[in-house]
Amino acid sequence: MKLHDYEEILGKERIHSIKNLASKLEGKTIQHINSTAAGGGVAEILKRLVPLMEDVGLRVIWDVMEGTPEFFRVTKVFHNAFHGQQVEVTQEMMDLYRRVNRRNQDIIRQDADFVILHDQQPLGLTEVRSGHSGTWIWYCHIDPVDCDPRVWNFLRPMVTWCDASVYHLPEYVKDADKRHYIMPPAIDPLAEKNRDLTDQEIESVFDRLGIPRDLPLLMQVSRFDWLKDPIGVVGAFHLVRQEIPCRLVLAGGGASDDPEGVQVLEAVLREAADDPDIFIRELPSGSDLEINALQRAAAIIIQKSVREGFGLTVTEGLWKGRPLVASPVGGIKTQVLQEETGLQAQAVEEVASAAVRLLNDPKLADRLGTAGKEHVRDNFILPVYLERWLEMLINETQV
Ligand code: UDP
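Calculation rules
- Residues numbered from 1 in each chain as written.
- Predicted model: local features only at pLDDT ≥ 70, side-chain atom pairs only at ≥ 80, totals over all residues.
- Heavy atoms only, no water.
- Pairing = 2+ DSSP bridges.
- Helix = DSSP H or I, 4+ residues; strand = E, 2+ residues; numbered from the N terminus.
- Axes fitted to C-alpha atoms, helices over the stretch in contact; angles between N-to-C directions.
- 1 Å grid on protein atoms, 1.4 Å probe; cavity = no way out; pocket = protein on both sides within 12 Å on 5 of 7 lines; lining within 4 Å.
- Points joined across faces, edges and corners; volume = space filled by probe spheres on them.
- Nonpolar A, V, L, I, M, F, W, Y, C, P; charged D, E, K, R; others polar.
- Near = heavy atom within 4 Å.
- Polar contact = N/O pair within 3.5 Å; in protein donor to acceptor, adjacent residues only side chain to side chain.
- Areas by Shrake-Rupley, 256 points an atom, 1.4 Å probe, with all protein chains shown as cover.
- Buried < 20%, exposed > 50% of the residue type's maximum accessible area, 1.4 Å probe, protein only.
- Contact = heavy atoms within 4.5 Å.
- Expected span 1.5 Å × (residues − 1).
- Arc of directions from axis to C-beta.
- Parallel < 35°, antiparallel > 145°, perpendicular 65-115°, else oblique.
- Left-handed = near helix turned anticlockwise from the far one by under 90°.

Before we go on, may I ask you to explain the sheet that holds strand β5 (residues 164–167) in this structure?
Strands in a sheet are paired, the pairing made by backbone hydrogen bonds, and the direction either parallel or antiparallel. Strand order across the open sheet formed by 6 strands is β2-β1-β3-β4-β5-β6, with parallel pairing between neighbours. Of all the strands in the sheet, just β2 (59–64) and β6 (180–182) have a single pairing partner and so form its edges. Ignoring strand direction, the axes of neighbouring strands in this sheet form an average angle of 20°. Here strand β1 (residues 29–34) pairs with strand β3 (residues 114–118) via 4 bridges, running parallel. Of the residues in β3, the one forming a bridge with H32 is I116.

See the structure below:
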């Protein structure tokens, strides 16, 4: 992808101004370091961001640190700790984390003007930073607020050895006394999951999935996870249907390789109890076209999460111009602005009454959907994300 491919979406002028911004960084080298080349949100975003950064004249190097299974077991424990789980951290684990990071020290490019450490796995590289003349930035892609102090206290000095940190949301900032930036993630409007679809393409997905479209569809596309509260969505649907004929689609993957996912899916199937108006579909990974079509055909998109990092399914839904009913948690709060780009609702009854309101008021649904798409265009699409990166890097060259 090239930056000018986004001209139609963002306008020639804005693209031009992004290119101008980038010219201030011409010839600079930026090195991204993370721990996986595929799978996971960071790899997904880097795959799309790196070519755009190169396209605007930066020299970009993306390196993946090498770990061992034991190392990844330790960093998984750290990951769970970030999510607030109480974890057991031993001296051995901390030593192993340090050792593996030190073993990776040769990946650090001495000529890099910026070294970006993504998430916590490569943070240990800061221990071998000495003498490096570039700017080091830690990008925290998850919500660290409730991080178990045993893990945070271990990692904190490494965060401090970076020049600045980046978080998705202002409320996630963990080291407020240090220089930090807020950069929420973004979706790529040209990706298969988000590109415009023809009616025929949408129709054929619905045929394949065996979902009729003769009644309005309430839709939640999400992994089958308790934190996405699919059972609550079924409850809300039952209330809505008492007032307006409609159907519910719950679609998502992650059930086959995640033992908890299987339990959640089974519980949802029990809750749905063969209701002919509820369509539960397991999506294999890579179902981008299917997700795109489902979101586009929804009368209302629901995201009844109990907790959410940023909530990319919400971004995707808004981009498709659909009205959203979503719980105001995590990054959803910055996306679904009450009565402006969607309706916020948390309890089952609230979700149901918001959905009824939207089904009864197509003008409101249209207005929110249109504003939602513009909100995403202004804030959460890839070229805008690139612009935020450039602004941060330029600022870092000036401090
Ligand atoms: N997703 C997917 N297949 C699924 C369910 C979700 O590809 O079966 C995608 C979804 O389109 C979104 C991402 O996975 O791009 C989920 O990100 P989000 O921030 O919404 O939630 P998370 O799953 O990270 O908690």
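We are not done yet, so read on.
Quick question: what am I supposed to make of empty space enclosed by the protein here?
Taking a probe equal in size to a water molecule and rolling it over the atoms shows the remaining empty space. What the rule picks out here adds up to 1 cavity of 30 Å³ or more. In terms of lining, the largest cavity is formed by Q220, S222, R223, F224, K228, P230, L250 and A251. Broken down by class, the residue content of the lining of the largest cavity amounts to 4 nonpolar, 2 polar and 2 charged.

In this structure, what is going on with the site of the ligand? I would like to understand it.
Taken together, K193, S222, R223, K228, G252, G253, I291, E308, G311, L312, T313 and E316 make up all the residues around the ligand. Separating an oxygen atom of the ligand from a side-chain N or O atom of K228 is a distance of 2.8 Å. T313 has a polar backbone atom sitting 3.0 Å from an oxygen atom of the ligand. Relative to its free-state accessible area of 540 Å², the ligand is covered by the protein chains to the extent of 75%. Looking at the shell around the ligand element by element, the count peaks at 3 residues for helix α11 (residues 312–319). When grouped by side-chain class, the residues that make up the shell around the ligand number 2 nonpolar, 5 polar and 5 charged.

Explanation requested: the layout of surface pockets in the structure shown.
Roughly 190 Å³ of volume is contained in the second largest pocket. Residue lining of the second largest pocket: E8, I9, P189, L190, N194, R195, D196, W319, K373 and R377, and that is the complete set. Of all the secondary structure elements, the ones that give two or more residues to the lining of the second largest pocket are α1 (7–10) and α14 (362–379). Split by residue class, the lining of the second largest pocket holds 4 nonpolar, 1 polar and 5 charged.

Can you walk me through the side chain of D225 in this structure?
Turning to its location among the elements, D225 is positioned in the loop between β7 (217–221) and α8 (230–243). When its relative accessible area of 12% is taken as the criterion, D225 is described as buried. In terms of polar contacts, D225 uses its side chain to reach the backbone amide nitrogen of L227, at 2.8 Å. In this structure D225 touches P230 and V264, once residues within four positions along its chain are discounted.

Whenever I open this one, helix α6 (residues 149–160) confuses me. Can you help?
For an α-helix the count is 3.6 residues per turn, leaving residues at separations of three or four pointing the same way. Between its first and last C-alpha, α6 extends 16 Å over 12 residues, near the 16 Å set by a 1.5 Å rise per residue. By the burial criterion, the buried members of α6 are V151, W152, F154, L155, M158 and V159. Taken around the axis of α6, the buried residues stretch over an arc of 165°, which confines them to a single face. Close packing links the buried residues of α6 with α4 (69–82), α5 (91–103), β4 (135–139) and β5.

Explain the sheet that holds strand β9 (residues 278–282) to me, please; I cannot follow it from the model alone.
Sheet architecture is open: 6 strands sit in the order β9-β8-β7-β10-β11-β12, paired in parallel fashion. At either end of the open sheet lies a strand with only one pairing partner, and these are β9 and β12 (343–344). Alignment of strand β10 (residues 300–303) against strand β11 (residues 324–326), held across 3 bridges, turns out to be parallel. Residue pairing in the sheet places I302 in a bridge with V325 of β11.

What am I meant to see in the packing of helix α2 (residues 12–23) against helix α15 (residues 382–398) here?
For any two helices packed against each other, the geometry is given by the interaxial angle and the distance between the axes. Interhelical geometry of α2 versus α15 gives an angle of 30° and a closest axis separation of 10 Å. Here α2 is positioned roughly parallel relative to α15, judged by the angle of their axes. Both α2 and α15 take part in a crossing whose hand is left-handed. Facing R14, I15, S17, I18, L21 and A22 of α2, the residues of α15 in contact are P383, V384, L386, E387, L390, E391 and I394. Of the residues contributing to the contact of α2 with α15, the split by class is 9 nonpolar, 1 polar and 3 charged.

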